[in-house]
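Next come the chains, spelled out residue by residue.
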Amino acid sequence: MKSLMQFNELSGMSDHALLEAYVNGIPGASKVLTDRFMPKIFAQAFHRILNEADADDITQEAMLRLWRIAPNWEQGNAKISTWLYKIVNNLCVDRMRQRKTEHLEAVSEPIDNRQNVTDSILNKSRANALYSALARLPVRQREAVSMRHLEGISNPEIAEKLELSIRAVESLIARGKRTLSETLQSQKSEIGYQND
């Protein structure tokens, strides 16, 4: 009967139920859980370390760790998403320690082949300006702004992940956005907005 469970039945299951289904050998449970979490944790890793290959490695490692602890996971533990967020955060910190000498300018942005060269250069310059400005924010502000505006995570989820109140998260985001705006405003002409 386990093998007859339909994909759409699995996709309606909670994270905990899917992890339990994976442990019980139900086909497709790991795929649904992977599809559910991998894009989010990849985005989190990429926005922290700004390197696609490293972000991909971190994403794979985080999912491997989830599969390893799955048999011992207890329903009363933290949410799986919160646990994964912390694992990815720790892996990012470890990866950044390993490559301290690498600078933001050395990180190449993916090139969109549909753009002409000028647009591509401007977009790369704007992205670098944004990531550079983000990197100068205090850690908590950077995390809150990145999660909210780059990863699309809601304020209540951010509050849970950062172990703060929602009001504190809102304050961090507001201050971070204000600082980003001031920083980017001073670079307006450098990133191609002189006529805006």
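Keep in mind it's a predicted model, so treat the numbers as computed, not measured.

Right, let's get into the packing of aromatic side chains. Within this structure, the stated rule accounts for three aromatic pairs. Both rings, one in Y22 and one in W67, keep their centres 4.6 Å apart while their planes meet at 40°; by these two values the pair is tilted. Separated by 45 residues along the polypeptide, Y22 in helix 2 (residues 15-23) and W67 in helix 4 (residues 52-69) bring together distant segments of the chain. Classification of Y22 by relative accessible area gives partly exposed; the value is 30%. Between F42 and F46, the ring centres sit 6.2 Å apart and the planes meet at 15°, which makes this aromatic pair stacked.

Attention shifts here to the packing of helix 3 (residues 29-49) against helix 5 (residues 80-98). Relative to each other, helix 3 and helix 5 sit at 30°, their axes nearing to 10 Å. Regarding the angle of helix 3 to helix 5, the classification is roughly parallel. Between helix 3 and helix 5 lies a crossing of right-handed hand. Only I80, S81, L84, Y85, V88, N89, C92, V93, R95 and M96 of helix 5 make contact with helix 3, whose side of the interface consists of F37, I41, Q44, A45, R48 and I49. The residue inventory of the contact of helix 3 with helix 5, partitioned by class, reads 11 nonpolar, three polar and two charged.

The subject of this paragraph is helix 7 (residues 139-150). In a regular helix each residue adds 1.5 Å, so 12 residues correspond to 16 Å; helix 7 covers 15 Å between its end C-alpha atoms and thus fits that length. For helix 7, every residue scored as buried is listed here: Q141, E143, A144, V145, S146 and M147.

Judged by nonpolar contacts, the single largest core of 34 residues is most densely connected at L19, L66 and L84. Mapped onto this core, the elements with two or more residues apiece are helix 2, helix 3, helix 4, helix 5 and helix 6 (117-136). Top contributing element to this core by residue count: helix 3, with eight residues. Among all residues touching L84, those that are not within four sequence positions of it are F37, I41, A62, M63 and L66. Listed in part, the 10 residues of the second largest apolar core include I153, A159, V169 and I173.

On to the side chain of K161. Along the polypeptide, K161 turns up in helix 8 (residues 155-162). Despite its burial, K161 pairs with no opposite charge; the closest candidate is E157, at 5.2 Å N-O. Excluding its chain neighbours within four sequence positions, the residues that come into contact with K161 are S81, Y85, K86, M147 and I153.

So, how was this worked out
Residues numbered from 1 in each chain as written. Predicted model: local features only at pLDDT ≥ 70, side-chain atom pairs only at ≥ 80, totals over all residues. Heavy atoms only, no water. Phe/Tyr/Trp six-rings, centres within 6.5 Å; stacked < 30°, edge-to-face > 60°. Helix = DSSP H or I, 4+ residues; strand = E, 2+ residues; numbered from the N terminus. Buried < 20%, exposed > 50% of the residue type's maximum accessible area, 1.4 Å probe, protein only. Axes fitted to C-alpha atoms, helices over the stretch in contact; angles between N-to-C directions. Parallel < 35°, antiparallel > 145°, perpendicular 65-115°, else oblique. Left-handed = near helix turned anticlockwise from the far one by under 90°. Contact = heavy atoms within 4.5 Å. Nonpolar A, V, L, I, M, F, W, Y, C, P; charged D, E, K, R; others polar. Expected span 1.5 Å × (residues − 1). Core = buried A, V, L, I, M, F, W, Y, C linked by side-chain atoms within 4.5 Å. Lys, Arg positive; Asp, Glu negative; His and termini not counted. Salt bridge = Lys/Arg side-chain N within 4 Å of Asp/Glu carboxyl O.

By themselves, these are just geometric observations and shouldn't be taken as functional.
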